[in-house]
Amino acid sequence: MQEMQIRTVSDPPALACAAADIIAELVRAKPAAVLGLPTGNTPIALYAELARRVEARELDVSRIVAFAIDEFAGVPRSEAGTNSRFYRAHVRLPLRALHVPNPDAHEPEAHIGAFADALRRAGGFDLCVLGIGRNGHIAFNEPGSGRTSRARVVALTESSRAAHASAFGGIERVPARGLTLGIAELMDSRAILLLATGAEKASIVREAIEGTVSADVPASWLQEHDNCTWLLDEAAASGLRGGAD
Ligand code: PGA
């Protein structure tokens, strides 16, 4: 098994460029790549950088098929705060397709299962980009998510709901449940790129990279992936004991 790669760059703008370089390299090698795309504050600058490169004709994303990795459940797509709204606002890229689960699906469990089936039929992720929650979640796999967990409906933790309070206009408006790809589907990705910035992520980044592999810190499962890169800014890497490059 290959070691996880840990790359540290100075700050969030440098991280956006380095992440865009990784995606651009993949797309050059495989123009019709299948990508997993996260929401959150961390990847916003990456999406802007990708859009800049497309505009400058440095990058062609027109054959890329992308899938969201999670969505809220029990709200209309149009509700401020949903991931559907996030993608519309921030992923302004002429992709071949960007599939996002329907947060208002009648049968959410069946819906997210069918979403994962569609991902498999598309060939699975060539690269799945992830963020990390302060509690160690990846996608909406909250603490307690096992290595074999699959796409499902999950109860969101207070910590995750609090992180979305302002987008929904108050924590009481943040849905209690989410739809997520499971650890199993994320780990099936041929490559994983985890992005983290800021000092508030330093301790969970350290636990996930240097701590015991366990469902208590879902991102720690990535230690068992054979092609996973952690791209960190200096603040997020500041808790690591081992020397990052
Ligand atoms: P953030 O979210 O980028 O807004 O910190 C990360 C996550 O919860 O996955």
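Scoring rules and cut-offs
Residues numbered from 1 in each chain as written. Predicted model: local features only at pLDDT ≥ 70, side-chain atom pairs only at ≥ 80, totals over all residues. Heavy atoms only, no water. Near = heavy atom within 4 Å. Polar contact = N/O pair within 3.5 Å; in protein donor to acceptor, adjacent residues only side chain to side chain. Areas by Shrake-Rupley, 256 points an atom, 1.4 Å probe, with all protein chains shown as cover. Core = buried A, V, L, I, M, F, W, Y, C linked by side-chain atoms within 4.5 Å. Buried < 20%, exposed > 50% of the residue type's maximum accessible area, 1.4 Å probe, protein only. Helix = DSSP H or I, 4+ residues; strand = E, 2+ residues; numbered from the N terminus. Contact = heavy atoms within 4.5 Å. Axes fitted to C-alpha atoms, helices over the stretch in contact; angles between N-to-C directions. Parallel < 35°, antiparallel > 145°, perpendicular 65-115°, else oblique. Left-handed = near helix turned anticlockwise from the far one by under 90°. Nonpolar A, V, L, I, M, F, W, Y, C, P; charged D, E, K, R; others polar. 1 Å grid on protein atoms, 1.4 Å probe; cavity = no way out; pocket = protein on both sides within 12 Å on 5 of 7 lines; lining within 4 Å. Points joined across faces, edges and corners; volume = space filled by probe spheres on them.

## Comments concerning the site of the ligand
Close contacts around the ligand come from Gly-40, Asn-41, Thr-42, Gly-131, Ile-132, Gly-133, His-137 and Lys-201, and that covers them all. In the environment of the ligand, an oxygen atom lies 2.6 Å from a nitrogen or oxygen atom belonging to the side chain of His-137. Side-chain polar atom of Lys-201 to an oxygen atom of the ligand: 2.6 Å apart, as the coordinates give it. Starting from 280 Å² of accessible surface for the ligand in isolation, the protein chains cover 76%.

## Describing the nonpolar core
Counting 43 residues, the largest nonpolar core has Leu-130, Leu-181, Leu-222, Trp-230 and Leu-232 as its most contacted members. Put simply, the parts of the chain that give this core at least two residues each are β3 (65–68), α4 (108–121), β6 (127–130), α7 (183–187), β9 (192–196), α8 (202–210), β10 (228–233) and α9 (234–237). Setting aside its immediate chain neighbours within four residues, Leu-232 contacts Ile-6, Arg-7, Thr-8, Val-9, Leu-15, Ala-196, Val-205, Ile-209, Ala-237 and Leu-240.

## Regarding the packing of helix α1 (residues 12–29) against helix α2 (residues 44–55)
Close contact between α1 and α2 brings their axes to 8 Å; oriented N to C, the two are set at 55°. The pairing of α1 with α2 is recorded here as oblique in orientation. For the pair α1 and α2, the crossing hand works out as right-handed. Between α1 and α2, the residues in contact are Ala-16, Cys-17, Ala-19, Ala-20, Asp-21, Ile-23 and Ala-24 and Ala-45, Leu-46, Glu-49, Leu-50 and Arg-53, respectively. Of the residues in the contact of α1 with α2, the class split is 9 nonpolar, no polar and 3 charged.

## Some words on the environment of His-90
Residue position: His-90 is located in helix α3 (residues 83–90). Separated by 132 residues in sequence, His-90 and Leu-222 place their C-alpha atoms 26 Å apart. When near neighbours in sequence (up to four residues on either side) are disregarded, His-90 contacts Ile-44 and Tyr-47.

## Some points on the layout of surface pockets
When its volume is computed, the largest pocket comes out at roughly 780 Å³. Every element with two or more residues in the lining of the largest pocket is listed here: α3, α5 (158–163) and α6 (165–168). Here the lining of the largest pocket gets 4 residues from one element, more than from any other, and that element is α3. Here the lining of the largest pocket is composed, by residue class, of 12 nonpolar, 16 polar and 5 charged. Taken as a whole, the second largest pocket holds about 270 Å³ of empty space. Residue lining of the second largest pocket: Gln-5, Ile-22, Glu-25, Leu-26, Asp-126, Leu-127, Arg-190, Ala-191, Ile-192, Leu-193, Asn-227 and Thr-229, and that is the complete set. Counting residues per element, the lining of the second largest pocket draws most heavily on α1, which supplies 3 residues.

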